[in-house]
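Chain and residue survey
Letter by letter, the chains look like this.
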Amino acid sequence: MKEMLMSLLNFRRKEAPVSDLPTPEVADFLRDYSIEVMPRTAEKVEDFRDLLPEGTRVYIAHIDGTPIEDMVATAARLNADGYKVMPHFPARIIKDRDTLENWIAMYQGEADVRQALLLAGGVTTPHGDFSDSMQLMDTGLFDKHGFERLHIAGHPEGNRDIDTDGSRLRVDDALRWKQGFSERTDAKMAIATQFAFEAQPIIEWADSLKHAGIDLPIHIGIAGPAKLQTLIKFAIACGVGPSLKVLQKRAMDVTKLLLPYEPTDVITELAAHKAANPDFNITHVHFFPLGGIKTNANWAIENGGPAAQPANSV
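Description of the structure in this document. (Residues numbered from 1 in each chain as written. Predicted model: local features only at pLDDT ≥ 70, side-chain atom pairs only at ≥ 80, totals over all residues. Heavy atoms only, no water.)

1. So, the overall build of the chain
Put simply, the rule reads: Secondary structure elements are defined from DSSP: runs of H or I of at least 4 residues count as helices, runs of E of at least 2 residues count as strands, and each element is numbered from the N terminus. We call two residues in contact when some of their heavy atoms are within 4.5 Å. Every accessible area reported is derived by Shrake-Rupley at a probe size of 1.4 Å, with residue values counting cover from the shown protein chains alone.
Across its full length, the chain carries 13 helices and 10 strands. Contacts in the chain between residues far apart in sequence, at least 24 positions, make up 80% of those at least 6 positions apart. On the chain, roughly 15,000 Å² of surface is accessible, and the fraction owed to carbon and sulfur atoms is 50%.

2. A look at the environment of Gly65
Mapped onto the elements, Gly65 comes out in the loop between β2 (57-60) and α4 (68-80). Spatially, the C-alpha atoms of Gly65 and Ile93 are 8.8 Å apart, while their sequence positions differ by 28 residues.

3. What to know about helix α12 (residues 264-276)
Put simply, the test is: Take the residue count of a helix, subtract one, and multiply by 1.5 Å to get its expected span. Relative accessibility under 20% of the residue-type maximum defines a buried residue, over 50% an exposed one, and the middle range a partly exposed one, all with a 1.4 Å probe and only protein chains included. It is the directions from the helix axis to the C-beta atoms that the arc portrays.
Spanning 13 residues, α12 covers 18 Å between terminal C-alpha atoms, matching the ideal 18 Å at 1.5 Å per step. Looking at α12, one finds that the buried residues are Thr264, Val266, Ile267, Leu270, Ala271 and Lys274. End-on, the buried residues of α12 take up no more than an arc of 170 degrees, which puts them together on one face.

4. With respect to the packing of aromatic side chains
Stated formally: Classification of ring pairs uses Phe, Tyr and Trp, with its six-membered ring standing for Trp, and accepts pairs whose centres are within 6.5 Å; under 30 degrees between planes counts as stacked, over 60 as edge-to-face, and the remaining range as tilted.
Evaluation of the coordinates by the stated rule reveals 11 aromatic pairs. Between Tyr33 and Phe287, the ring centres sit 5.3 Å apart and the planes meet at 75 degrees, which makes this aromatic pair edge-to-face. A residue pair is termed long-range when its members are at least 10 positions apart, and Tyr33 in the loop between α2 (24-30) and β1 (34-37) and Phe287 in strand β10 (residues 282-288) qualify at 254 residues. Residue Tyr33 is classed as buried on the basis of its relative accessible area of 2%. Between Trp177 and Phe181 the ring centres are 5.9 Å apart and the planes differ by 15 degrees, which places this aromatic pair in the stacked class. One end of the pair, Trp177, and the other, Phe181, are both in helix α8 (residues 169-184), four residues apart, so they sit about a helical turn from each other. A residue is classified by how much of its surface remains accessible, and Phe181, at 11% relative accessible area, is buried.

5. A closer look at the packing of α4 against helix α5 (residues 97-111)
As a reminder, the rule being used: In this analysis, axes come from line fits to C-alpha atoms, helices being fitted only over the stretch in contact, and the angle between any two N-to-C directions falls in the range 0 to 180 degrees. Working definition: roughly parallel below 35 degrees, roughly antiparallel above 145 degrees, roughly perpendicular at 65 to 115 degrees, and oblique for all remaining angles. Take the far helix as the reference: if the near one is turned anticlockwise from it by less than a right angle, the crossing is left-handed, and if turned clockwise, right-handed. Ten residue types, Ala, Val, Leu, Ile, Met, Phe, Trp, Tyr, Cys and Pro, are classed as nonpolar, four, Asp, Glu, Lys and Arg, as charged, and the remainder, Gly among them, as polar.
Packing of α4 against α5 brings their axes to within 9 Å, and their N-to-C directions diverge by 30 degrees. With respect to α5, the element α4 is oriented roughly parallel. Between α4 and α5 lies a crossing whose hand is right-handed. Between α4 and α5, the residues in contact are Ile68, Glu69, Met71, Val72, Ala75, Ala76 and Asn79 and Trp103, Met106, Tyr107, Glu110 and Ala111, respectively. In terms of residue class, the contact of α4 with α5 is built from nine nonpolar, one polar and two charged.

6. Here's the deal with the pattern of salt bridges
When their charged atoms lie close together, side chains carrying opposite charge are able to pair. We count it as follows: Salt bridges are identified by distance alone: a Lys or Arg side-chain nitrogen within 4 Å of an Asp or Glu carboxyl oxygen.
By the definition in use, this model includes six salt bridges. Between Asp28 and Arg31 there is a salt bridge; the shortest N-O distance is 3.6 Å. The salt bridge involving Arg114 is made with Asp112; its shortest N-O contact spans 3.4 Å. Take Asp112: its relative accessible area is 45%, and that puts it in the partly exposed class.

So this is what it looks like as structure tokens:
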């Protein structure tokens, strides 16, 4: 890890790019963006309404070891502030069907949650009966309890935990299964992806899904502004290796590593592609605020036009 970081940080000096944001295309692309928080990061935010637009969808990441009570309390706070709450349900940390139903009951009873992101989860060994999101869906519990929206995970650069050979065969098979599930349920479904940094591979991946008959809307994961070193560490940990060269190209020199990465280029290119191809299957942006929620929200406020203005400023 240390050697990889050192090689990635051996950058040539060059001038910082000049941003042409905001543009109407970017503002339109950022409309109704979503963002991810954790209970411990949410605690640091005094008032989400100073940062996020009214009705923003806020995902709550459930990291192994986080008590369900903390997750539900965070959901209740965000719901009371007027936000659409979407907690993670990581299959591998849910012990059994009864635990799953209890979580659903707690979220609904205390925070009026009606939507969820279903994913396998970051742990290697399942804690109980579930090992993937398809098993969660197959329980029928989300349908039974009237969930209106279910999102599933997507991986533009593949997922080495699932396809250890570097291919996308098992990941794509799972997406086809979930496409079929979406056709059997009345829940609205979408693919929420891991973050990536380069627009053209994202476009090619999204197009490949469409050509394969997977027409679920894609909410593309984008890393928010962050220190370059922070971003590289997250990229390595999350297995988005192919994008690391973009971080290297963006960097200037070691003395400027404290200057944050901003998602200007990837957002601009995806927004232009969307404007030129209105039927493009990427419909929303989902931010991972790796450099902090406030920093990410302020970037969206500066570049997202009127629709990105926080609730308390309207």
